[in-house]
Each structure stands twice: as structure tokens, then as C-alpha cells.
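Tertiary structure, described
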Amino acid sequence: MDSNIGLTGTTRQVPCIAMKDVTFAFGARAPVLAVSDLTVAAGEKVFVHGPSGSGKSTLLGLIAGVLVPENGTVEVLGHPLADLSAPHRDRLRAEHFGVIFQQFNLVPYLDLVENVLLPCRFSAARAARVGESAKAREAKAREMLVRLGLAQEVANGQVASELSTGQQQRVAAARALIGTPSLIIADEPTSALDTDARAVFIETLLTEAKDASVVFVSHDLSLAGHFGCKISMPEINLAAQNGSISESAAPVRQVGSV
Amino acid sequence: MYLLALAWKSARARSAATLLTILSIALSVTLLVGVEKVRTGARAGFAQTVSGADLLVGARSGSVNLLLYAVFRIGDPTTNVSWESYQGFSSRPDVAWTIPISLGDSHAGFRVLGTNQTYFDHYLYGQKRPLEFADGVPFSGIYDAVLGASVARELGYDLGREFNISHGLVSAGFAEHADRPFNVVGVLKPTGTPVDRTIHISLAGLEAVHVGLNDGPPRLGGGRPGAVSAEPSDLQPDSITAFLVGLKSRAAALRYQRDVNTFRGEAMTAVIPGVALSQMWRVVGGAEQALRAVSVLVVIAGLAGMLTALLTSLNERRREIAVFRAVGAHSRDVFSLLVLESALLTAAGAILGVLLVNGLLLAFGGQIEARFGAPIAIGGPSVYDLTIVGAVVTVGAVLGFLPGWLAYKRSLNDGLTVKL
């Protein structure tokens, strides 16, 4: 597993994601996720796969700081999320994350450029990275959309609901990529696309992501070839294996540059 | 600030529901503000109509009824007061002045009031203001007429204009007092009271036009026999509708009233205008409260409609809210978004409602005044209007807490993925 592509010396110091002995449950029910150790290095492109119900989405929620673990620590970009207040976690997300969903990524009543610039609305730092003025940021968003093959749609001033699913996913990718985020989280972003479009989408995403870490979740193992690192959710999620956490048989899945 | 723009765009995206919501709130606010405007307008109008007189005397009837027909020209008098009784009660030593009032005729839908010179000397309205002339002088001849401001404006009559009067309120051919044209000698300044809609003539003039009718057809060979032959002394009326009394001392009012009410020669009623007015408000007060309660309920119904629309939209907005969370919106932003949207809709509705009611009053206030004799405050939005807007928007925003809180809870549970 070679995952050193595009890494600079400085960003390698701090891992992008570090999870230790994390458990999560919805309410008082049995834990749905238990991960003893998971590390994603800065700039690493990770493919997470597993059947539905194996805890993929929960894992993403924990990394994004939207869900809070019962036990254990989640560190993202060197910040222990438990030490941050909820608004701080939200700001971290606005400033450093890019998120792509399976579908319905866009706010229907905003135009494409506004959709792409949404993270800038919630983080001044991210906005500053995109451009100094609103005009500059809009130009940057247009440029990004054009690079992702949406020149025609931008020129026509189309709204989100007029685009095909594949086009909508590309707008979502542009939004995730705008302002050089450190981490891109993609939750089955290609499952609504056909096979050819999938490969193109993933290649474009990985190329544009450059130095950012990418955590790409899918149940489709055939996509794993695009990524430097592959994680099997059933393997790392102890809760899915046993239905409960066993302290003895905790296989350590260390990911990252070895 | 960006959230406000988002809330606005989101509301605009659901234009049909948004427009209907705004419209229903606007109409309910129109009702609420309109009821209050008519209410205060009516009260103010009534209160300022007669301010100088200590007593009003008419034939035996309810005091409110007497006040309504004699002063406000609402309804018609039943019986008259005889000239002798009027003379008797106006020559008492405690009386400073009296104004006779004789009603029953009209011209072009405006009431004709027969009276005498004291009307222009002693009639007071508003804050004890005397009548003022915009043009011309008080009547002196039998066929002289003084027009109220609205009469002159609406009919376009100037000094020197001649006209007929007809019996009753409807201009019916057979009852026209033809051949006896009155002549406009004066026009009063606007007062905002029924005076504006009144044509004032002398009692003698009123009697003169009735001479012909009472004595059969007009005499042969006479173009305007009444005008030429009749002397004012011959044209003394048998009776008048009512009279206003100014006393030398207010303290004498109760005694004067008792004397009138117990007068054996004729069944009469004397009322103190202020007392009769407050009696009337007591009667009307219950209806006012009911009307106000109904309009408040209508506003609540309008707001409930908005809440329904917002709650219904929550499901389709779950994905959109997950997107906002993913790009870094706080969960309290999600809450604020819905509260803002709710406040925005109610603000739009309430402001539209206030504009609507003021526009309607501007357009139809004159007609309301014409029909009911009560001037309704036309002068743009009042403090009360703004209070209503503030209150409705506050309630609307507070109602927005419910969808806001639901969206907030859901956004916490949903995390980044929406399971639908």
C-alpha cells in the first residue's frame, strides 16, 4: 500500500484522521460502530467498502464531527473533536472539509455557482482561500465547474434541478473541492452513475483533490483500484462482527504509510 | 445576514405556498387593523361632532336614538317638538343660547338642516372649535343656503349656485319642492363631522318650501310666491326636530334636563351629549369586543396556515438541511433558517395587510364617511398599525421555533446522511 503520492513533508507530520477505541450507538441501543484504531495520513486516498449496515455512514459522521462517539477519541487534522464545541466542529468542517453525498447534493433554489460557494458562506478562512472578493470567488467557482465539464450549464445559468444526476454530482465535487480542503469525504458519490461515468468521476475527483486526503465510501469493490488504500468496514468494525465489543479480539487495522 | 438571504430564496422557491401564506396573513391583518381603524374612527368622529352644547332636546325617545338622528343624521326622527315648547325652553333665564334643528329634506342625497343664525355663532366641534367659512357668509335671506365642505366639493357648487330641495332623502319627482331654488351664499371649511355633509338653510326657508305643499298647489300667477310674498315672521314653523341648548352654567344641566323630561305640555327628552355617547359605547362595546376577538382569531388561523406549510415543507427540506450541515452550517443555523423564514413570511404578510387597509381607506374612506357620517382616520399607518405588525411578526417568529426545533433535532440525528 503505497500512499505517499503528492504528500509534502510538512503535512505528513500530523495524520489527517486518527481514531482510537471509538464506539458509537444511536441512543441507548447496542453500538453500531466500534473501531479500535484507524489512521488516515494527510493526502492519503482511502477507499472504504462494506455492505450497507456495516457502519460506513456512521464512520463518516464521526469523522465529520456531526456525530459524537460514546467512547474513544477522534482526531481530525490534529484536533481532538471531543475537545471542540459543536460550533467549533462545524467551523472545522466549513473550513477544511469537502463532502459529497450519494445524491441530492445541491440546494435546489440556489444556482450552480452559489451551490459551489456554500462552504465559503460558513467559513471566512475558506472564502479567503478561494478569492479575495466575491467576484473573484465566483470566477473561481465558474472555473472549477468548467474544469469539471459543466461549461455549457454554467453559461446557460441553469439551476440544480435542471441537471442530470451525473452533472449534479460534478457540481457537488466542485463544492467539495473549492478552497483546497484538507479532507474530502465522499459517501457513495458514484452509486447513481453508470459505469463509465463512475470511472471518469473518480479520476477527476482524485486528480483535483491533489494534496487533500480522500475518504471514499462505496459498497462497490470494483472501484477500489483507483485508490491507494483499501479498508473493509466489516473488518475494522468490531460491533458489526460480534454484535458487541470484545476487548480481547481487537484486530488493529493500521492504515497509512508504514 | 446570509441566512436571511437563504430564507428568502427558500421561501421564493416555493412561490405558490409562500404567496398563499403571505396573502392569508395579509388579509387577516387587514381585518384586524381595519376593525380597529373603523372603531377608533367612529368613536373619534362621534366624540368630536358636538362639543359645545350642554343639552340636546327632542321628542320623547331613547337618548341614543335622539343623539343619532339629531346630531349624526343617522336614522330619521319620529316626532317633532312644537314651536311653543321650543320657545318656552329657550327663553328660560338659565339658557345662554339654543340652536333649532329641523330635518327631513334633502338635496342630491345630502341632508338639509333648517336652523337659524345661532348655529354659526354657537355650534362647536372637535376641541371646541367654531364653524368657519371657507367662502361667503351665513345665510340671511329666506332662500339663502350654506353648504358643508363635502357638499360643495362633491356637487361642485360655488357661491350663487341655485338648487332645489326635495322631501325625504330620495330625490323623487313628485316630492321636489320645485320653483323655489335656494341660493348658495356660504361654504363652510371642513370639520370632519356630519356638518360637512349638511346643507344649512333658515327655518323660514324650510317653512317656505313647505307652504306650497301644505296649502295645495302653488298660487296662480306666482313664479316664486313664497320668496316674494312671505315675510320671515309669517314663515314661522309649527315644529322643529330638536334643539341644542347652551346653558349659562353647566351646573344647571341636570335641572334643565329634569324639567324637560317631566314637562307636562309635551313628551320630550333632554340628553347630555357626552352621557348619551358613553351609553352608546356601552351598547356597542360588546359587539366591538366580539368583532375584535373574531379578527384576532382570523389572524391566528392565518399564522396556523403558515405553520402547516412550513411543517409540510420540512420533509422535503431534510436533504437540503443535511447539505447545509455538511458545508459547515451550525445546527443552530438550521433552527435560525426556519425561524427567519417564518418571520419573513409574517412580516411580508403583516406589512402587506397594513398597506392594504390604508390603501382601502384611502380609496373608500370617503364613501364610508358619506354613508355612516363617521370620518375614519386616513393618514397612513398609525402607531397601532406598527404595533400590530410587530406583534404578528413576533408571534410568527415564535411559531417558527417549532419547525426550527424539529429541523434542528432531525439534523442532529441525520448526521450527514438522510435516510428517507
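Keep in mind it's a predicted model, so treat the numbers as computed, not measured. (Residues numbered from 1 in each chain as written. Chains lettered and ligands numbered in written order. Predicted model: local features only at pLDDT ≥ 70, side-chain atom pairs only at ≥ 80, totals over all residues.)

For chain B, the helix and strand inventory stands at 14 helices and 15 strands. Within chain B, the fraction of its 420 residues that count as buried is 44%. Sequence separation of 24 or more characterises 80% of the internal contacts of chain B that already satisfy a separation of 6 or more. (Helix = DSSP H or I, 4+ residues; strand = E, 2+ residues; numbered from the N terminus. Buried ≥ 20, exposed ≤ 12 C-beta atoms within 10 Å, placed from the backbone. Contact = placed C-beta atoms within 7 Å.)

Moving on: the confidence of the model for chain A. Residues and elements named next belong to chain A. Looking at chain A as a whole, the pLDDT averages 81, with 88% of positions reaching at least 70. Low pLDDT, under 50, characterises residues 1–12; the stretch is placed with 24 contacts to residues that sit more than four places away or in other chains. Taken together, the stretch residues 243–258 has pLDDT below 50 and engages in 34 contacts with residues farther than four places along the chain or on a different chain. (pLDDT = per-residue confidence, 0-100.)

Glancing now at the sheet that holds strand 1 (residues 17–24) of chain A. Residue and element names in this part refer to chain A. Read from one edge to the other, the open sheet built from four strands follows the order 2-1-4-5, with strand pairing classed as antiparallel. In the strand order of this sheet, the two ends are held by strand 2 (33–40) and strand 5 (79–80), each with one partner. Sheet topology note: the strand 1/strand 4 (residues 71–76) ladder contains five bridges and is antiparallel. Of the residues in strand 4, the one forming a bridge with Thr23 is Asn71. (Pairing = 2+ DSSP bridges.)

Attention now moves to the packing of helix 11 (residues 318–326) of chain B against helix 14 (residues 401–414) of chain B. Residues and elements named next belong to chain B. Here helix 11 crosses helix 14 at 65 degrees, and the two axes come no closer than 10 Å. Between helix 11 and helix 14, the angle is such that the two are roughly perpendicular. Helix 11 and helix 14 meet at a crossing whose hand is right-handed. Counted together, Arg318, Ile321, Ala322 and Arg325 of helix 11 and Ala407, Arg410, Ser411 and Asp414 of helix 14 form the full contact between these two elements. In terms of residue class, the contact of helix 11 with helix 14 is made up of three nonpolar, one polar and four charged. (Axes fitted to C-alpha atoms, helices over the stretch in contact; angles between N-to-C directions. Parallel < 35°, antiparallel > 145°, perpendicular 65-115°, else oblique. Left-handed = near helix turned anticlockwise from the far one by under 90°. Nonpolar A, V, L, I, M, F, W, Y, C, P; charged D, E, K, R; others polar.)

Let us now look at the sheet that holds strand 7 (residues 183–187) of chain A. All names here are of chain A. Ordered by their spatial adjacency, five strands build an open sheet running 6-7-8-3-9, and the pairing between neighbours is parallel. Pairing within the sheet leaves two strands with one partner each, and these edge strands are strand 6 (97–100) and strand 9 (229–232). Geometrically, the sheet is characterised by an average inter-axis angle of 15 degrees between neighbouring strands, direction not taken into account. Two elements, strand 3 (residues 45–49) and strand 8 (residues 213–218), share five bridges in a ladder whose sense is parallel. The residue bridging Phe47 from the neighbouring strand is Phe216, located in strand 8.

It is worth spelling out the interface of chain A and chain B at this point. Contact residues are listed per partner, giving 26 residues for chain A and 18 residues for chain B. Of all the elements in the fold, those that place two or more residues in the side of chain A that touches chain B are helix 1 (56–64), helix 2 (86–96) and helix 4 (118–122) of chain A. Examining the composition of the side of chain A that touches chain B, we find that six residues originate from one element, helix 2 of chain A, more than from any other. Class assignment of the residues belonging to the side of chain A that touches chain B gives a composition of 17 nonpolar, four polar and five charged.

To continue, consider helix 1 of chain A. All names here are of chain A. In terms of residue burial, helix 1 counts as a mostly covered element, since nine of its nine residues are buried. Residues Lys56, Ser57, Thr58, Leu59, Leu60, Gly61, Leu62, Ile63 and Ala64 constitute the buried set of helix 1. Residue Gly65 follows helix 1 closely and has a positive phi angle near 80 degrees.

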